[in-house]
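# Residue-level structural notes
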Amino acid sequence: MDDPLLLARSLDSETLSRVIALRDWLVTGAAKMDDPSDILSDFIERLRELGLPIDRAASAIEALHSEYAGIGRFWTKDEGTVVRYLPHGERRETVYSSSPFAYVNRTNEWLLLDLSDTPDDRFPILAELKEEGYRHYLTIPLRFSSGAENAISFATRSPGGFDEKTLKILRLVMPSFALVIELRATSNRLDEVLRIYVGDDPHRAILSGAILRGQVTRIRSAILFADMRDYTQISSTLSPEHAVELLNNYFDCLVPPIEDEGGEVLKYLGDGLLAIVRDKGDDTGGAPQAALSAATKALRRVQAANSEGRFPVPINIGIALHHGDAAYGNVGSGRRLDFTVIGRDVNLASRIAELNKELGEPLLMSKPFVEHLWGDPTPLGAHFVEGFEEKVEVFRP
């Protein structure tokens, strides 16, 4: 009996009013909650208050993320909610394909198992559930409007299992629960994709409405510009797949030290990147010192990777450090804009990076940058750089 009207009429008036209240909470209160884990745990607690004997729940929701394929949430009465990130790859697909979650998504039907009558080999998880004393196991597909296949399961140790009243209540509330989870998952997906491709602060600015062409935001910061020397020559002998692998291994040397020091990567520029470490109030020395620390760590990681043979050939890089304004601007035309980094100080950092090879130095710093340092850097003279009339003084650590 799946007809909502018939299901509602089959419940007593008190239970029906509480079910309606739960559905109202899902589309009002729960929809405003930021953390899906809180939504799940609060939802289960409200179901338990309705008398549903739920002792265990697990959900798996697809994610659009570079580091994991989905998010699993596991709730138990004793431990609350635990989050696990489901990895990309064949192993996950193999585990999923033999699971009850895959089964309900293939059939688009609910699956209720009386574990006392179900052989262990039907699904790999059943033996574990039986060992932990569960009696009934219910799996429900959560189909999103995008076509994404997700699911949630409930288990109980109650001797009576999940009775007809429990199933009726779940039939009435699960569509609202699925809607709220889809709204939250869609919002998180948009947030994550923007963050992955434009960075932390730009993605927040875009989502807050900074999408008008010509808008500019200035950020006082230490600016780090890095690029690989002779990349064109090195990559000319590589397949596109191996060239991408080279770049990824190279950026693995640069990005973690930047993020560890509180910096943000704003742009990947072919074989280079642009990053900043923001000034914090009047403490203008902290950002340059953090940027210098990130740069030296990155150089050491590249040296280690060369020693370990992680690149097709040993690579060299040049890093330029400057202090000034990094400006975000919306640039483009029509319906296609780029939220990019612009400004004199950004251009100067990139030009100083071109001096690295000329001077044979892996790390160069501008005068505005070293003026904020606590150490005593070595001057390397003043040099002309493209696009600037006056010579630029540069230093090494």
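Residues numbered from 1 in each chain as written. Predicted model: local features only at pLDDT ≥ 70, side-chain atom pairs only at ≥ 80, totals over all residues. Heavy atoms only, no water.

## Notes on the environment of Pro379
- For Pro379, the position within the fold is in strand β13 (residues 378–383).
- A relative accessible area of 56% places Pro379 in the exposed class.
- Each C-alpha atom, one on Pro379 and one on Pro397, is 8.9 Å from the other, the two residues being 18 residues apart in sequence.
- If we skip the residues at most four places from it in the chain, Pro379 touches Val394 and Phe395. (Helix = DSSP H or I, 4+ residues; strand = E, 2+ residues; numbered from the N terminus. Buried < 20%, exposed > 50% of the residue type's maximum accessible area, 1.4 Å probe, protein only. Contact = heavy atoms within 4.5 Å.)

## Looking at helix α3 (residues 36–49)
- For α3, which comprises 14 residues, the first-to-last C-alpha distance of 20 Å matches the rise-based estimate of 20 Å (1.5 Å per residue) to within 8%.
- Of the positions making up α3, those classed as buried are Pro36, Ser37, Ile39, Leu40, Ser41, Phe43, Ile44 and Leu47.
- Next to the buried residues of α3 lie α2 (13–27), β1 (56–62), β2 (70–76), β3 (80–86), β6 (149–156) and α7 (164–198).
- Near the N-terminus of α3, the side chain that reaches the backbone nitrogen of Ser37, with its oxygen 2.9 Å away, is that of Asp35.
- Immediately beyond the C-terminal end of α3, within one or two residues, lies Gly51, with a positive phi of roughly 100 degrees. (Expected span 1.5 Å × (residues − 1). Polar contact = N/O pair within 3.5 Å; in protein donor to acceptor, adjacent residues only side chain to side chain.)

## Some thoughts on a negative patch on the surface
- Taken together, the side chains of Asp34, Asp35, Asp38, Asp42, Glu45 and Glu49 make up a negatively charged region of the molecular surface.
- Residue position: Asp42 is located in helix α3. (Patch = residues over 30% accessible without salt bridge, like charges linked within 9 Å, V, L, I, M, F, W, Y side chains within 5 Å. Areas by Shrake-Rupley, 256 points an atom, 1.4 Å probe, with all protein chains shown as cover. Salt bridge = Lys/Arg side-chain N within 4 Å of Asp/Glu carboxyl O. Lys, Arg positive; Asp, Glu negative; His and termini not counted. Charge placed at Lys NZ, Arg CZ, Asp CG, Glu CD.)

## What to know about the pattern of salt bridges
- For the structure on display, the rule yields 16 salt bridges.
- When the shortest N-O distance is used, the salt bridge between Arg135 and Asp114 registers 3.2 Å. Taken together, the positions of Arg135 in the loop between α6 (126–131) and β5 (136–143) and Asp114 in strand β4 (residues 111–114) put the pair 21 residues apart, joining distant regions of the chain.
- Of the residues examined, Arg135 reaches a relative accessible area of 28% and is grouped as partly exposed.
- Ionic pairing is found between Asp120 and Lys130, a salt bridge with its closest N-O pair at 2.6 Å. Here the residue Asp120 occupies a position in the loop between β4 and α6, and Lys130 occupies one in helix α6, the gap between them amounting to 10 residues.
- A relative accessible area of 40% places Asp120 in the partly exposed class.

## Some thoughts on the packing of α3 against α7
- Viewed as axis vectors pointing N to C, α3 and α7 meet at an angle of 170 degrees, and their least axial separation amounts to 11 Å. The pairing of α3 with α7 is recorded here as roughly antiparallel in orientation. Touching Pro36, Ile39, Leu40, Phe43 and Leu47 of α3 are Ile169, Leu170, Val173, Met174, Phe177, Val180, Ile181, Arg184 and Asn188, all from α7.
- For the contact of α3 with α7, the per-class residue count stands at 12 nonpolar, one polar and one charged. (Axes fitted to C-alpha atoms, helices over the stretch in contact; angles between N-to-C directions. Parallel < 35°, antiparallel > 145°, perpendicular 65-115°, else oblique. Nonpolar A, V, L, I, M, F, W, Y, C, P; charged D, E, K, R; others polar.)

## Here's the deal with the confidence of the model for the protein chain
- Taken over all residues, the pLDDT of the protein chain has a mean of 87, while the share at 70 or more is 96%.
- Averaged pLDDT values over the elements of the protein chain bottom out at 70 in helix α8 (residues 200–207) and peak at 95 in β4. (pLDDT = per-residue confidence, 0-100.)

## A look at the pairing of strand β8 (residues 264–269)
- The pairing of β8 with strand β9 (residues 272–278) spans five bridges and is antiparallel. From the neighbouring strand, Leu269 faces β9, where its bridge partner is Gly272.
- Once β8 ends, the chain turns through two residues before running back antiparallel as β9, passing Gly270 with a positive phi of about 65 degrees. (Pairing = 2+ DSSP bridges.)

## With respect to the sheet that holds β6
- Spatial ordering of the open sheet is given by β3-β2-β1-β6-β5-β4, a layout of six strands whose pairing is antiparallel. Each having just a single partner strand, β3 and β4 make up the two edges of the open sheet. Averaged over all adjacent pairs, the angle separating strand axes in this sheet is 15 degrees, with direction ignored.
- Sheet topology places β2 next to β3; seven bridges connect them, and they run antiparallel. Among the inter-strand pairings, Gly70 is bridged to a residue of β3, identified as Leu86.

## Here's the deal with the packing of aromatic side chains
- All told, the structure shown has five aromatic pairs when counted by the stated rule.
- Both rings, one in Tyr103 and one in Phe123, keep their centres 6.0 Å apart while their planes meet at 70 degrees; by these two values the pair is edge-to-face. With Tyr103 in helix α5 (residues 100–107) and Phe123 in the loop between β4 and α6, this residue pair connects regions lying 20 residues apart in the sequence.
- Classification of Phe123 by relative accessible area gives buried; the value is 6%.
- Ring centres of Phe251 and Tyr268 lie 4.7 Å apart, and the angle between their planes is 65 degrees; this geometry places the pair in the edge-to-face category. In this pair, Phe251 sits in helix α10 (residues 240–260) while Tyr268 sits in strand β8, placing the two residues 17 residues apart along the sequence.
- Given the relative accessible area of 45%, Tyr268 is considered partly exposed.
- The residue whose ring lies beneath Arg46 is Trp25, and the NZ or CZ to ring-centre distance is 4.0 Å.
- Here the basic side chain of Arg171 rests over the ring of Trp110, its NZ or CZ set 3.8 Å away from the ring centre. (Phe/Tyr/Trp six-rings, centres within 6.5 Å; stacked < 30°, edge-to-face > 60°. Lys NZ or Arg CZ within 6 Å of the ring centre and 35° of its normal.)

## Topic: a nonpolar patch on the surface
- A contiguous nonpolar surface patch, about 260 Å² in accessible area, is contributed by Val27, Leu179 and Leu183.
- In this fold, Leu179 is placed in helix α7.

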